[in-house]
Amino acid sequence: MPMMPAQNNRLVLLYGSQTGQAKAIAEEIHDNAEKHGLRTDLFGLELTEKKFDVTKESCVVFVCSTTGDGEPPDNALKFFRRLKKKTLPSDHLSHLNFALLGLGDSNYTNFCNCPKTLDKRLQELGAKPFYPTGYADDAVGLEIVVDPWIEGLWTAARKQLGLPPESCTVAGETVAMETTNNTQTPGGVTDSVGPDSGETEGKIDIKEERTQTDGTEMSGHHDNDNPESDKVSEKTVTVTSAKCCEDNTDNCASLAHENNTHSVKSKNPAGVSITEQTVGPVTEKSTAAESCTDATDTEMTEKSGNNKTAEASGTGQHNLEDHTSNSNDTDGQVVDAVKEQAGPSLTVSVPPLSDSGLTLPAKPVPYLEVEFHPEESLCVEELPLQGGCPFPSAATDVVMATVTTATRLTRHDAVKTALDIELDVSNTCFKYEPGDSFGVVCPNNETEVQDLINRLGLTDHADMTFSVKVVQGSKKRAAAVPAHLPARCTIRHALLTCLEIRAVPKKAFLRMLVEHTSDAVQKRRLQELCSKQGTADYAAFIREPNLRLLDVLTAFPSCCPPFERLLEMLPRLQPRPYSVSSSPLVHPDRLHFVFNIVHIPSGNGRATACTGVCTGWLDRLTRHIQTGVYGDIAEGSLTTHIQPGVYGDMAEKIGQMSLNDPLTVPIYLRTNNHFRLPSDLSAPIIMVGPGTGVAPFVGFLQHREKQRELSPDAVCGPSWLFYGCRHRDRDYLYREELERLAAAGILNHLVVCFSREEPVAMETDGAPPARYVQDNLHHHGDEVGRMLLDEGAILYVCGDAKNMAKDVNEVITQIVQKYKGCTIQEARNTIFQLRQDRHYIEDIWT
Ligand SMILES: Cc1cc2nc3c(=O)[nH]c(=O)nc-3n(C[C@H](O)[C@H](O)[C@H](O)COP(=O)(O)O)c2cc1C
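Quantities reported herein were computed from a predicted structural model and do not represent experimental measurements.

Caption draft 1: Main features of the domain arrangement of the protein chain. Domain boundaries assigned for the protein chain yield domain 1 (10-210), domain 2 (381-446 + 574-669) and domain 3 (685-845). Between domain 1 and domain 3, the contact holds 6 residues from the first and 9 residues from the second. Surface buried jointly by domain 1 and domain 3 totals about 680 Å² across both partners, of which 39% is contributed by carbon and sulfur atoms. The three residues of domain 1 that bury the most area against domain 3 are Asp 69, Asn 107 and Thr 109, which together make up 69% of that side's buried surface. Our count for the domain 1 to domain 3 interface comes out at 1 salt bridge. A salt bridge links Arg 838 to Glu 71; the nearest nitrogen and oxygen atoms lie 4.0 Å apart. Across the domain 1-domain 3 interface, the total number found is 2 residue pairs in polar contact (both at pLDDT 80 or more). Broken down by class, the residue content of the side of domain 1 that touches domain 3 amounts to 1 nonpolar, 3 polar and 2 charged.

Caption draft 2: Summary view of the UniProt feature "domain: Flavodoxin-like" (unreviewed entry) in the protein chain. According to UniProt, the feature "domain: Flavodoxin-like" (unreviewed entry) maps to residues 11-154 in the numbering used here. The distance from the first to the last C-alpha atom of residues 11-154 is 11 Å, and the span holds 31% helix and 22% strand.

Caption draft 3: Representation of helix α4 (residues 143-160) in the model. When the terminal C-alpha atoms of α4 are compared, their 24 Å separation across 18 residues agrees well with the 26 Å that a helix rising 1.5 Å per residue should span. The sharpest bend along α4 measures roughly 30 degrees and falls at Leu 153. Listed as buried for α4 are Glu 143, Ile 144, Val 145, Val 146, Trp 149, Ile 150, Gly 152, Leu 153, Trp 154, Ala 156, Ala 157 and Arg 158. Gly 162 lies just past α4 and shows a positive phi near 75 degrees.

Caption draft 4: Inspection of the nonpolar core at higher detail. Counting 49 residues, the largest nonpolar core has Phe 466, Leu 495, Leu 510, Leu 513, Phe 563 and Leu 567 as its most contacted members. Discounting chain neighbours no more than four positions away, the residues touching Leu 567 are Leu 368, Val 370, Phe 466, Val 468, Pro 482, Leu 485 and Leu 499. Tyr 15, Ala 26, Phe 130 and Tyr 131 belong to the second-largest nonpolar core, a separate cluster that totals 30 residues.

Caption draft 5: Local environment of the pattern of salt bridges. Going through the model one piece at a time under the given rule, you end up with 39 salt bridges. Across the pair Lys 469 and Glu 369 runs a salt bridge whose closest N-O atoms are separated by 3.7 Å. Of this pair, Lys 469 sits in strand β18 (residues 465-470) while Glu 369 sits in strand β14 (residues 368-373); the two residues are 100 residues apart in sequence, bridging distant segments of the chain. A residue is classified by how much of its surface remains accessible, and Lys 469, at 46% relative accessible area, is partly exposed. With a closest N to O distance of 2.7 Å, Asp 413 and Arg 411 form a salt bridge. Residue Arg 411 is classed as partly exposed on the basis of its relative accessible area of 39%. Via salt bridges that share partners, Arg 10, Arg 39, Asp 41 and Glu 57 belong to a single interconnected network.

Caption draft 6: Quick peek at the pairing of β18. One ladder, built from 6 bridges, connects β14 with β18; its direction is antiparallel. Paired with Leu 368 across the two strands is Val 470, which belongs to β18. Relative to strand β19 (residues 488-489), β18 is paired through 2 bridges, and the arrangement is antiparallel. Residue pairing in the sheet places Ser 467 in a bridge with Arg 488 of β19.

Caption draft 7: Structural context of unusual backbone geometry. Pro 352 follows Pro 351 through a cis peptide bond whose omega is 5 degrees. The residue Pro 352 is located in the loop between α9 (332-341) and β13 (358-360) in this model. For Asn 604, which is not a glycine, the phi torsion comes out positive at approximately 55 degrees. Tracing the chain through its elements places Asn 604 in the loop between β22 (599-600) and β23 (610-611).

Caption draft 8: Molecular detail of the packing of helix α20 (residues 695-710) against helix α21 (residues 735-743). Two elements in contact, α20 and α21, have axes separated by 11 Å at closest approach and are oriented at 40 degrees. For the pair α20 and α21, the crossing hand works out as left-handed. Note on element contacts: α21 touches α20 through Glu 737, Leu 738, Arg 740 and Leu 741, opposite Val 698, Leu 701, Gln 702 and Glu 705. When its residues are assigned to classes, the contact of α20 with α21 shows 4 nonpolar, 1 polar and 3 charged.

Caption draft 9: Layout of the packing of aromatic side chains. Within this structure, the stated rule accounts for 25 aromatic pairs. Relative to Tyr 432, the ring of Phe 430 lies with its centre 6.4 Å away and its plane at 50 degrees, an arrangement referred to as tilted. Using a relative accessible area of 2% as the deciding quantity, one classes Phe 430 as buried. Accessibility expressed as a relative area gives 8% for Tyr 432, which makes it buried. Three or more aromatic residues joined by ring pairs make a cluster, and in this case those are Phe 43, Phe 52, Phe 62, Phe 79, Phe 80 and Phe 98. Its end group placed over the ring of Tyr 135, Lys 116 keeps NZ or CZ at 5.7 Å from the ring centre.

Caption draft 10: Fine view of the sheet that holds strand β29 (residues 840-845). Taken in spatial order, the 5 strands line up as β27-β26-β25-β28-β29 in an open sheet, and their pairing is parallel. Lying at the two open borders of the sheet, with one neighbouring strand each, are β27 (749-754) and β29. Sheet twist, expressed as the mean angle between neighbouring strand axes with direction ignored, is 10 degrees. Summarising the sheet, strand β28 (residues 794-800) and β29 pair through 6 bridges and their orientation is parallel. When the sheet's bridge partners are listed, Gly 799 is paired in β29 with Ile 844.

Caption draft 11: Examining the environment of Asp 589 more closely. Within the element layout of this structure, Asp 589 appears in the loop between β20 (576-579) and β21 (590-596). Among residues more than four places away in sequence, those in contact with Asp 589 are Leu 423, Asp 424, Val 425, Ser 426 and Lys 431.

The rules behind each value
- Residues numbered from 1 in each chain as written.
- Predicted model: local features only at pLDDT ≥ 70, side-chain atom pairs only at ≥ 80, totals over all residues.
- Heavy atoms only, no water.
- Domains from an automatic or database assignment.
- Contact = heavy atoms within 4.5 Å.
- Buried area = accessible area lost by both parts, 1.4 Å probe.
- Salt bridge = Lys/Arg side-chain N within 4 Å of Asp/Glu carboxyl O.
- Polar contact = N/O pair within 3.5 Å; in protein donor to acceptor, adjacent residues only side chain to side chain.
- Nonpolar A, V, L, I, M, F, W, Y, C, P; charged D, E, K, R; others polar.
- UniProt positions renumbered as here; feature names shortened; annotations may be inferred.
- Helix = DSSP H or I, 4+ residues; strand = E, 2+ residues; numbered from the N terminus.
- Expected span 1.5 Å × (residues − 1).
- Bend = angle between axes of the 7 residues up to and from the residue.
- Buried < 20%, exposed > 50% of the residue type's maximum accessible area, 1.4 Å probe, protein only.
- Core = buried A, V, L, I, M, F, W, Y, C linked by side-chain atoms within 4.5 Å.
- Pairing = 2+ DSSP bridges.
- Axes fitted to C-alpha atoms, helices over the stretch in contact; angles between N-to-C directions.
- Left-handed = near helix turned anticlockwise from the far one by under 90°.
- Phe/Tyr/Trp six-rings, centres within 6.5 Å; stacked < 30°, edge-to-face > 60°.
- Lys NZ or Arg CZ within 6 Å of the ring centre and 35° of its normal.

Pasting the structure below:
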């Protein structure tokens, strides 16, 4: 392999990514490196020893995520295998200097396990970190760590490469706000360096004193939750220069003064003028109040105190145009009251942010071009799924499985509706074992796609064939047509089947939207939400409520991005993983799975209520099977939601469906080598699976039953199942089957708790009655400890990662500590070892 000639400004950028986030971050670094005087070569880790070789590189930046139960992404497996070889000498990578950005999710027990392992192994092999490793957490927002980490990378990399510190020539443009009659730019706007940025003398930034300068400080709390934040209008505003200006402070300060010191009558983005202020290097004070009409008044009053609650009640969708046109200046008292109480919301900004200079992310560089072919008709049913691009964690090709049954497992008055679906996989390559999981390649909701098409003004083009290519001469580095788009496609097909339209728009996405927003007030709010200064507002109003593109477009009516930009920014539609809840020994050629139908209410910034992408689709798809009612289909939800092509050409069949009509679902087997029954039948098993987490254990037990039938003389180890739900009679999933298995002696201990039922009696040990599985584990601590520590049991945990799996881990630690009579740290070490030895195995989700 030809090695790159040594250059003193060259970095190798490597990413390990399962669902595309690490890749997107690595691309962002790649796109911006040149502006910082660095040359980068970007590769996926799968290209090890084909396009790069760490044994021959001196300066490498890794961006790597974690998947599965703390495992490397698919594309990093080979790289990790090679790096792990025990025969490698301790100076194997002594020539290598590296920086590492790890991605993970702290809801998983093995937070950032893969980058942590990489960090450790690189150093064991002699490599030296030239910049502190960053661990970004998807549970609280990757950007909190990613943004400052990248910001600091440039300086560290230049230093490492022996380049002089960056001068002020690496700076962004300062954008003056558009002004309207009585709305004026409260603060300057600074773009981070980007290919489209004009270059000015310095990076200017007005920072209100309390404003976070480092996103990491914001983790865990937001200004709008903080009573202190109400006092912002009396605080001092200071002008500071951004880091890159440190060598030239005078110059920057004078520029800042010029750009930002002025007396303004500013209007907040809701169109209600609430402050008269002097924004400049010294002070800011709130002096005047203005009024609003009844309509605005009502909205503002509803937002008082806790605007998130007001939005959640369904009244919080703000139409900025209405606000602006309705405001007038007659009743100062009302606004005074509002001013004291109102906080920010998705569309409403308040000081200090509304008065702040903003540092924006670099403008994403447009790089795709769409050409329509009105003369061409396209049979979308025949297109390969997502352009034939391989699916993450795929152990098989996608197969079309036929739905054979769909059964509601919960009573009508249960809080959640659980569905068991049986799929026929005969005549396919799909062969599974109990404990396996599989991906459902589901489409987006057809109505939601139509809403998006309407909102974007694409109705006339929605079903027209288009082709897509990279814009000639695009400044975007590593620009390529996304592999998950078919070469010939339609807008509807792309939105339905290829793009994750529910993905929470990242700051870069909002930055792109800024460019396509005509209303100045809305534009400013979008700038704020993607700015460094607006990190808390972004978290509170975009990320935490899990907004979709459609919600943002609804809230900002003058924003209308071209379709090409969406192709660039929307991530790939991800298949949804489920665990099988059956055994192939009991159901040859069939598999069962179970899920709750997810309901997401409107409000809190969300324009409309919706169901989960996949669970809602499966529910609608099988409604007639669940209810046995076929006559309703023509008028019912099925008509609007059935997808054409691979999703079953049901649209034509509506109204003529019968029990014999095959209903197919695209699925593929996922790789999972761990969540399996022990091959040794005599090994005890402890299963912990509340709610739908019980799924794999039904499969385990059915399998064991058959195994015992096949080997009647085999000695079977004891089996325990800790199960929990809300109500015995409403949502006890697979109750009959579990009780049957218990009665048959296949399941030796069925330990069930009901979290919402009145306890019948205290526990025998005097402890309060169990509500959750972890309580029951605690009650049976001695047996659990003995089986785990003395009898070689395997502990399986399946279900919610956020609460249950963490609490179970905590209780098991206590059990180990008590049983061994050791310290908590020793107990933790034991748990760690149990996990390493695959005696403590999780299949959990967030
Ligand atoms: C199926 C699955 C399993 C995961 N397992 C872990 C894990 O064990 N530990 C962890 O820290 N994060 C875990 N994560 C979180 C991801 O690492 C995180 O969301 C990351 O941003 C994904 O980056 P990527 O898109 O580049 O793969 C998991 C995510 C998924 C979807």
